[in-house]
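Chain residues, written in single-letter form:
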Amino acid sequence: MRRDDAASRQRSGGYIESGSQGSCEAADGVQVLPMDDFAAAHRNLGIALFDKRHDVPGAKTEMQRAFQTAPQDARLLYEWLQLLKNADDVPALERLRIVEANRDLAFHRNDLSVEWMMLLLQAGRLDEAADRIVSREYDVYEGGEGRLARVYEWIHILRGLKRLDEGEPEQA
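Here goes a summary of the coordinates provided.

A short note on the nonpolar core
Judged by nonpolar contacts, the single largest core of 38 residues is most densely connected at Leu-77, Trp-80, Leu-112, Met-117, Ile-133, Val-151 and Ile-155. Secondary structure elements with two or more residues in this core: α3 (39–53), α4 (56–69), α5 (74–86), α6 (92–101), α7 (103–106), α8 (110–122), α9 (126–133) and α10 (147–165). Among the elements that take part in this core, α5 stands out by supplying 8 residues, more than any other. With residues up to four places along the chain from it excluded, the contact list for Ile-133 reads Met-117, Tyr-138, Leu-148, Val-151, Tyr-152 and Ile-155.

What about the packing of aromatic side chains?
Two aromatic rings are characterised by how far apart their centres lie and by the angle between their planes. For the structure on display, the rule yields 2 aromatic pairs. Taking 5.5 Å as the distance between ring centres and 65° as the angle between the ring planes, the aromatic pair formed by Phe-107 and Trp-116 counts as edge-to-face. For the cation-ring pair, Arg-132 lies above Trp-116, with the distance from its terminal atom to the ring centre recorded as 3.9 Å.

Considering the environment of Ala-70
Here Ala-70 is to be found in the loop between α4 and α5. A relative accessible area of 9% places Ala-70 in the buried class. Sequence-wise, Ala-70 and Asp-37 are 33 residues apart; in three dimensions their C-alpha atoms are separated by 8.3 Å. If sequence neighbours within four positions are ignored, Ala-70 has contacts with Ala-39 and Leu-76.

Thresholds, definitions, all that
Residues numbered from 1 in each chain as written. Predicted model: local features only at pLDDT ≥ 70, side-chain atom pairs only at ≥ 80, totals over all residues. Heavy atoms only, no water. Core = buried A, V, L, I, M, F, W, Y, C linked by side-chain atoms within 4.5 Å. Buried < 20%, exposed > 50% of the residue type's maximum accessible area, 1.4 Å probe, protein only. Helix = DSSP H or I, 4+ residues; strand = E, 2+ residues; numbered from the N terminus. Contact = heavy atoms within 4.5 Å. Phe/Tyr/Trp six-rings, centres within 6.5 Å; stacked < 30°, edge-to-face > 60°. Lys NZ or Arg CZ within 6 Å of the ring centre and 35° of its normal.

Below, the structure written as structure tokens:
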């Protein structure tokens, strides 16, 4: 495939996304080197490495490359964070650091904003999570199958419990 062949680039970018078993098997040995500037190829290779080859280090590398190639793409940031979470070896504080380093993008996607609040909760930054949840409007379908409502509840439950522990029942 030639680097400047737009049709070939589009096919390779959508190859794994098509869900075809044969395509995934064919793609898991593909090297992306000739197309280092094509984020979709890195993303798709990362997904294939994680889902088909169970190559967590390789998948993490490719998803990070995808985001580095298109740092303005909030979807790639969200998918990279999801892979890091599913890899079970990247602590919540490290994922929070990544989100906060890209905070402008986090406001562009509902699911990424909700993930940010979840990470704030895990870090014990309850008041910041409470401020964040009311700092923007969300679509009716926020993309998390009800996660926003659950996060809202958890923010207030955990803040109330903290106030009780601090001897401030009227603030709870």
